[in-house]
Each structure stands twice: as C-alpha cells, then as structure tokens.
Amino acid sequence: MGKYALRRLVQMVPVLFLVSIAVFAIIHLIPGNPAEIIAGPNATDEQLAALRRQYGLDQPLWTQYVIWLQHVLSGNLGYSFINKFPVSELLALRIPATVELAVASAIIGAVIALPLGIVGALRPGSLLDFISTLFSALSFAVPSFWLAILLILLFSLELKLLPPSGRPDFQEQPAEHLQALVMPALTLGIAMAAKLTRYLRASMLDVLGQDYTRTARSKGLAETIVVLRHVLRNALIPVVTVFGLQIGDLLSGAIIVESIFAWPGVGRMTIQAIGWRDYSLLQASVLFIVLAFLVVNLLTDLTYGLIDPRIRYE
Amino acid sequence: MNVKVWLILAITATALVMVACTGGAVPQIVVKETVVVEAAPAVAGAEESGAEMAPQAGGTLNLSLGPDFVTFHPYFDVTNVQFKPIFFEAPIRISDEGDFEPWLAESWEESEDGLSITLNLRQGVMFHNGREMTADDVVWSVEYAMNEEPGHHLSDRFQTATGATRVDDYTVQITYSESTPKLDGISKLYIFPQEAAETIETTPVGTGPFKFEEWVPGDQVVAAKFEDYWQEGLPYLDQVIIKPIPDEQSRMVNLLAGSIDALMGVPLADKELLASTPDLTVFTSPPGFEFYAFLVNITKPPFDNTLVRQALNYAIDREKIRQTAFHGEANMIVEPYPETSWAYAEDLADYYTFDPDRARELLAEAGFPDGFSATMLIRDTSGPYLDMAQVYQQDLASVGIEVELLPTELPQYWPQLIESQFEMVSHGTGDTTVDPSGLFEGAACCRPFRNFFGITEDMTWFPEYQEIVQQAGRELDREKRKELYHQALEIMLEQGWTIPVAWRQDVFAIKNNVHGFRTDMSGAIWLHETWLSP
C-alpha cells in the first residue's frame, strides 16, 4: 500500500502542472486586469500603463506563465497584485483556518450522522427513524446561510454566548477562538450530516439484508458486534466516498459560511481574488484547492483498504 | 403509524404558532418627508445628554469599514479610503463648515497671480518612526505626488504643479504652471517619510494619532495610540481595531451584538432598524461630493440630440426612486452642487421637474413620437445603481423609451465605461473635492484625458462650456467664479448630458458610549478626539 500511495503522489505532479496551465489561461482570458481595477475609472492612460508595467502585464501571456513557473519552482509564489503581501504568507494565514473549519465540521457531521444513520437502519419505520429522516430532510432543505443567521441570532444576540463572527488568534485567546469556531462548524456539520445520514442508513439497510449478516447472527454473535464489526464496516465504503468528497468541498472553502462569519478562509480569499483579478493569488489558491482535493481523494482510496481487507493495492 | 401522525401534527402546529407569535413585521413603505439637509457634518457623541462629560483616556475602539483593505498607500483610492486620517495627515484638512482649515500647516498664503502657494508648517510634528517632519518631507511628498510613474491617484490633483521648494526648515513653496484650485490637492497630500515609501502599501507610517501595529488580511488591522502625537493629550483611545466584515448582514449583527462599536456603510434598508435600537446612534454623512447619476453617451444617436436628452431629464420620477431604491432615505438632486456649496445656484434647483407629458412632447419634436429603444449599462450586479435603474426603466417605458438593463460586474464595468461602450449608464460621479471645480470636471466632460461620453480630445465639443469651466478654475475671485459656474451649470442643465439622481451619503452607526467620532464631508474618519465612556 505504501508503494501505491507513493505512486499516486507522484502522479499528482503532472496533474497539477496541467491544471496550472489551464487556470492561468482561463483567468487571463476573463476581461479586466488588476491594473485597471486598482487604477480605477479616473486614472489617466499613463497611470494605467505605469501600473501594467509594474505588474508585468505588458508581457505576452506565455512569457508571464514561464516567469511564474520559474518562480514557483524556486519556491516563490509571488506577491498578491492587490495587497502586495507574499502569496505564501496569505495562504499560510488562510489555509489553517479552512482546514480547521473543515475538520471541525467533519467531526460534527460524523458525530451526528453515525448514530442517526445506524439507528435509522436498525429500526426502519420507527419513531427514531422518523426523527432521523426528518432531520435529514430539514437540513437538506434549509439553506446554509439561513441556518447560519439563525444560529447567530440565537447564540450571539439572544443568549450572548458566542461571538457573531471573526476568528481570534488561538495562541492569544484560545477560549474565544474555540467559541468562534462553534457556529460555523455547526452550520457546515449539520449540512454534511444530512447527506451522510441518508447514505449511511441506505447503505446499512443494504448490508443488513445480505446473507452474511444473517450468517453472523445465526452464529450467535452479540447484536452489537454484528452491527459494528460486520455490518457497519461493509456499509461504510460508499459513505466514506461521500465523506471524502464533502471534505474536499470544505477544503475548497465554504464561501458562504466564511462570508457570514467573517472566517478568514481560502474560499473567500479566492472569490475576492477573482473579483480583483489578482492573478498570482488566484493561481496559487486554485492550485491549493486542486491539491487538497487530490490528497483527500488519495486518503479516501487508502481508507477503503483499511476498511475492507479485500481491497488491496499493488 | 399513529405516533407519526401525531408527531407531524405537533410539529406543524408548533411551526404555525411560532410564525404567528413572531408578530410578523410586515414591511411597509413609509412615506417620509423630504429629509432636511444638515450642513454640519457629524461629530457624533452624547451632546444631547446635556451634561458636559469630560473625555476619558483609554479603551479600544472596534470599528468596521466593510470590505478589507487593499493598500495603505495614502495616494491611492481603492477601498476603505476613509481610514487615512487615522495614520496620515496633510497640511490642511476639510473643516466642519465645508472649507479648509490649517492642520499640519499653521497657515498658508496664495500668491496674487495664483501660481504659487506657501505653506507654513508646524514645528514638532513627529512621524511614527521617531523623527520630526520638516519642509524637506513636504517637498519630497509634492514631488512624489506629481510623479505619474507609480500610477497613484493623487497625481491628478498635482497635474499643474511644477515643483516645490524648501524656503526654510518649516516653510515650503509649491509652484504651478497655471492658476488652479490647489487646496483640495494639498488636503490629500498626506505626508509620510521617504524612508517608509518602499513598504508604505503594507505598513503605513505617518504623523497621525495612531501608529500601525499589524495587519492580518481578512482578519483585522490593529493601530495603537501614538505617544508622540503633535496634539498634546490626544488621542484618548489606546487602541483602534478595524475589522473587515464582508457580509452586510454580518456587520449589522456584529454591531447589535456589541463586538464592534462603530460601523461605516450601513445599508439604507437597515437604517431604521438601527436607529430604533436603544444603545445605538445613527448618522448620515452630509451630502456634497458624490452623487448617483444616469449618464448618456452623446456620440451615439439618438443621444446626440439635445431634445432627447432633455426628455430624459423630464421623464425621471425622483420621488419614486427615493421611496423605492433608497428606502425613503436620500436627498434627491437636480443640480450637482449641495446647498452648502458656494456654487449652489438656487434659481436652477427646479430646472427639471417630473413631467412625462413634456418628455413625450420633446421626443416627438426630436423626431421620436413612438419613442426608441436603448441599453443601459449598470454599475455592478446589485445595489443602488441597479435599484434606481429599474425604477427609471419604468419611467422611461411610460414615455415610450424601452431600455434594456445590463448589470455588469465591476471588473468588466470599468473598461466598458472608460471606453464609452454604452448608450446609457447608471453610474455615480462627482469627485471628492470641496472646491466646485472638481465636481464639474468629473460630472460633465472637460477632463482632457478621461471622460465617459465618448468625446475625444481632438473633438471640439461645446467649446464655450469648456472655456467657462477652465476659466472658472483659473479665476481667483470667488464671486467671479460663482458667476462662471452659474453659466456653466445653465449650459449643463440645458444640454442634459448628466441626469443627477441623489447624493451618495454614508450612513454610519455608533454605540452611545462612543464620543467625539468625527467624519468630514469627504467621508474620512477622524478619531483623534474620540473617547469611550464606560
């Protein structure tokens, strides 16, 4: 499995390279450029030209790409056209916030989904199942921004328990930091759980109807062991797939939640970079997102190997 | 089965009860009286409490301006331009009365011929990096401002400047090639030390009451009290924290929850809500500089026809726009000067009234008895420009003009606007200047290098108008200038190139324990006398 993982990691490189070309081409094809935006409507032609020169935008496209590639290979991701911060610093600021939120949301999602999904499958048609289904349906139907605002109204305005937005530094204010994490993670976690619950329930029902489940029960094994060791493990594979995709999604930035809670994550930064045509930042941002997805994909595949011994990688 | 049915009924009943009990606030269109324009800018505080409270030192002010910062360079106007007086100062500043008053300069003299101005600087003004500001710094600043290479916006205002010389340690003379209004440019000549110029975009260093501590993009800007500020005993605050909050609703919530103390850029729709909150006070910045307007491209028929343009001016129902697009909260205008400006022409205030019949008459006279169709470029895909355009679209439809709206995202909007690729456009215009000349040049045509009407430099277009405006800029006597601007206004209104709609006014809200929060006519924030009561 180690060799397999290594091979996959190596394969990522050409993928990233091709993606970087595609992204570079696309963002430069969109009308507008950072020089025009910074210059604004009242700038003279000379001011505009000066800014373009500064940003290297007067070079042909492929020259700009090659320059960028050279910089990246020597470890320099460049500077944001807009706020002049080094891109690597900006990413270093935002990525931990996004990862933290993704992990917290995933945990909440799993913690909610597992019991609800299992119970729903074990006692289909019961009251508990009904509640589980109701929860899923409601969570699907409710838009995330609405839920977010509801939570803010309740916990920040009414109860005054949690801060409405922001992300205080963990080292300086650990308690406030964790408090600020609660609502965004809850919003995203509930949305994740909605889907996961359904998948888990359906998958488990499927496995419960299999012959080997009946065999396990007839062997006299305790119900708990049957469910957890045999049924659940088999049922988890499609669920892990969905879970992995959801985490990949979160790592590309939960833009709405980041906006409402002013959570300084990668998603909002990317959207802003698009609006400002911040080429260097956008390029690096998108590459990070692609990389994150590739890594999560790999981890998901490796997890199959852990869950199901029948799956082996050469 | 039974349990499920009961559960469904129970939940439905609960939901219905909750909806009923929330006392559904049915939004009503409240017809408001025309807002009286207040000339005094907002120095917000607890004046009405009667008791003269003495300012207390200490405390942290949490402030939100809305979007995040892009650059701290004081010569660029990109986002959050209001913050500048927190870190930077200029020789003069805009006074409460809408004129100029001494600031880093104790006094100034303009020469008789208008070709130079001498600034007498204060002594003992310190930069944040520890050294004293002298005439050399101002000379360097002027030269930097004149330089177009960096691409900053201040070079516009120093177009006619030819240089600056140091007369002595604290006296500077700036010379110009022609007599033009100078004070607006000087009020934006924020002085910063030459050695800080390299990093000024990310690290502001100036003479202002607060010293830059850190900027975490997307998170916050922290500024601490500058101990060696030139005004004794000021500032009162220990710290100012500026938080960018991208989502509008989120800003409101933060204010209501108390995690910020002051919010700039309150959406008009929420003004009422905030005003009725007990521990908040809401202010509107005075009108005067920027206004919303519809513009037409006079190189594209039928907009090259004066009668058509006049018809457009008669067709607009400003009151309806005020009620719907601005939630009853705007000062509508016909001429581009506020009542507080000395160039305001009272006799021209009602040049155009809402008169659709007259509009139809004019259209028929111009040869369009059945109207025509056109497109309107809209600045941004949401917001006041789109809202007012939608109302105007209806107005125009009722006089026979079919307009297709084209809401456009800003990065695509600017190039189209600058290259005059539009027939009509919903835009804002005006320039943030105290002197009427800036407003004129931005609003109408005569910027030689940039205009939105499809006019090129070598086209002699309305030479009479151009002549008057330029002369008014060169003239030194205020009465003569007023007369000239009156003439120019008459031409501008008669020609109808611009259809002014309403002033762009900032609404801001502060908690009642914040005192001495000052904004000036340009919307800039002055915190040097701000203090917090417990």
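All figures in this text were calculated on a predicted structure; none of them were measured in a lab. (Residues numbered from 1 in each chain as written. Chains lettered and ligands numbered in written order. Predicted model: local features only at pLDDT ≥ 70, side-chain atom pairs only at ≥ 80, totals over all residues. Heavy atoms only, no water.)

Let's talk about the pattern of salt bridges
Evaluated as defined, the whole model comprises 19 salt bridges over all chains. In this structure, the salt-bridge partner of Asp301 of chain A is Arg8 of chain A, at a minimum N-O distance of 2.6 Å. Linking Asp301 of chain A in helix H13 (residues 279-307) with Arg8 of chain A in helix H1 (residues 2-29), this pair joins segments that are 293 residues apart in sequence. A salt bridge links Arg358 of chain B to Glu361 of chain B; the nearest nitrogen and oxygen atoms lie 3.0 Å apart. Here Arg358 of chain B pairs with Glu361 of chain B, and both are found in helix H9 (residues 356-366), just three residues apart, close to one helical turn. Under the relative-accessibility criterion, Arg358 of chain B is labelled partly exposed at 30%. Taking relative accessible area as the criterion, Glu361 of chain B reaches 47% and is therefore assigned partly exposed. Several salt bridges converge on common partners, so that one network encompasses Arg131, Asp137 and Glu195 of chain B. (Salt bridge = Lys/Arg side-chain N within 4 Å of Asp/Glu carboxyl O. Helix = DSSP H or I, 4+ residues; strand = E, 2+ residues; numbered from the N terminus. Buried < 20%, exposed > 50% of the residue type's maximum accessible area, 1.4 Å probe, protein only.)

Let's talk about the pairing of strand E18 (residues 498-503) of chain B
All names here are of chain B. Counting buried positions along E18 yields six of six residues, so the element is predominantly enclosed. Note: strand E14 (residues 291-296) against E18, five bridges, orientation antiparallel. From the neighbouring strand, Phe291 faces E18, where its bridge partner is Trp503. (Pairing = 2+ DSSP bridges.)

Some points on the packing of H1 of chain A against helix H4 (residues 61-73) of chain A
The relative placement of two packed helices is expressed as an angle between their axes plus a distance between the axes. All names here are of chain A. Remark: H1 packs on H4, axes separated minimally by 11 Å, with the N-to-C direction vectors making an angle of 135°. The pairing of H1 with H4 is recorded here as oblique in orientation. Handedness of the H1/H4 crossing: right-handed. Residues Phe17, Ser20, Ile21, Phe24 and His28 of H1 lie in contact with H4, whose contacting residues are Leu61, Gln64, Tyr65, Trp68 and Leu69. Partitioned by chemical class, the residues of the contact of H1 with H4 number seven nonpolar, three polar and no charged. (Axes fitted to C-alpha atoms, helices over the stretch in contact; angles between N-to-C directions. Parallel < 35°, antiparallel > 145°, perpendicular 65-115°, else oblique. Left-handed = near helix turned anticlockwise from the far one by under 90°. Contact = heavy atoms within 4.5 Å. Nonpolar A, V, L, I, M, F, W, Y, C, P; charged D, E, K, R; others polar.)

A look at the pairing of strand E11 (residues 239-244) of chain B
Here strand E2 (residues 60-66) of chain B pairs with E11 of chain B via five bridges, running parallel. Bridge pairing in E11 of chain B links Leu61 of chain B to Val240 of chain B.

Comments concerning a negative patch on the surface
Residues and elements named next belong to chain B. There is a patch of like negative charges on the surface, built from Glu339, Glu346, Asp347, Glu490 and Glu494. On the secondary structure map, Glu494 appears in helix H14 (residues 478-495). Taking the relative accessible area as the measure of exposure, Glu494 reaches 36% and is therefore partly exposed. (Patch = residues over 30% accessible without salt bridge, like charges linked within 9 Å, V, L, I, M, F, W, Y side chains within 5 Å. Areas by Shrake-Rupley, 256 points an atom, 1.4 Å probe, with all protein chains shown as cover. Lys, Arg positive; Asp, Glu negative; His and termini not counted. Charge placed at Lys NZ, Arg CZ, Asp CG, Glu CD.)

Looking at the confidence of the model for chain B
Residues and elements named next belong to chain B. Confidence in the prediction of chain B, expressed as mean pLDDT, is 82, and 87% of residues score 70 or more. Counting contacts from residues 44-51, a segment whose pLDDT is below 50, to residues more than four positions away or on other chains yields 12 contacts. As scored by the predictor, the complex reaches a pTM of 0.76 and an ipTM of 0.71. (pLDDT = per-residue confidence, 0-100.)

Remarks on the packing of helix H5 (residues 87-122) of chain A against helix H6 (residues 127-141) of chain A
Residues and elements named next belong to chain A. Relative to each other, H5 and H6 sit at 135°, their axes nearing to 8 Å. With respect to their mutual orientation, H5 and H6 come out oblique. Here the hand of the crossing between H5 and H6 comes out left-handed. The residues of H6 that touch H5, namely those facing Ile112, Leu116, Val119 and Gly120, are Leu128, Asp129, Ser132 and Phe135. Its residues assigned to classes, the contact of H5 with H6 shows five nonpolar, two polar and one charged.

What about the sheet that holds strand E10 (residues 220-225) of chain B?
Residues and elements named next belong to chain B. In spatial order, the strands read E9-E10-E11-E2-E12-E19-E13; together these seven strands make up an open sheet with mixed pairing. Each edge of the sheet is formed by a strand with only one pairing partner; in this case those strands are strand E9 (210-216) and strand E13 (280-284). The average undirected angle you get between the axes of adjacent strands in this sheet is 20°.

What about the sheet that holds strand E8 (residues 171-176) of chain B?
All names here are of chain B. Across the sheet, four strands lie side by side as E5-E6-E8-E7; this open sheet has antiparallel pairing. The open sheet has two edge strands, strand E5 (105-110) and strand E7 (161-168), and neither has a second partner. Each strand of the sheet is rotated relative to its neighbour by a mean of 20°, with strand direction disregarded. Both E5 and strand E6 (residues 116-121) contribute to a ladder of five bridges, which runs antiparallel. Bridging from a neighbouring strand, Ala105 pairs with Leu121 of E6. Contacts from helix H3 (residues 135-146) reach E6, E7 and E8, with the element oriented near 175° to E7.

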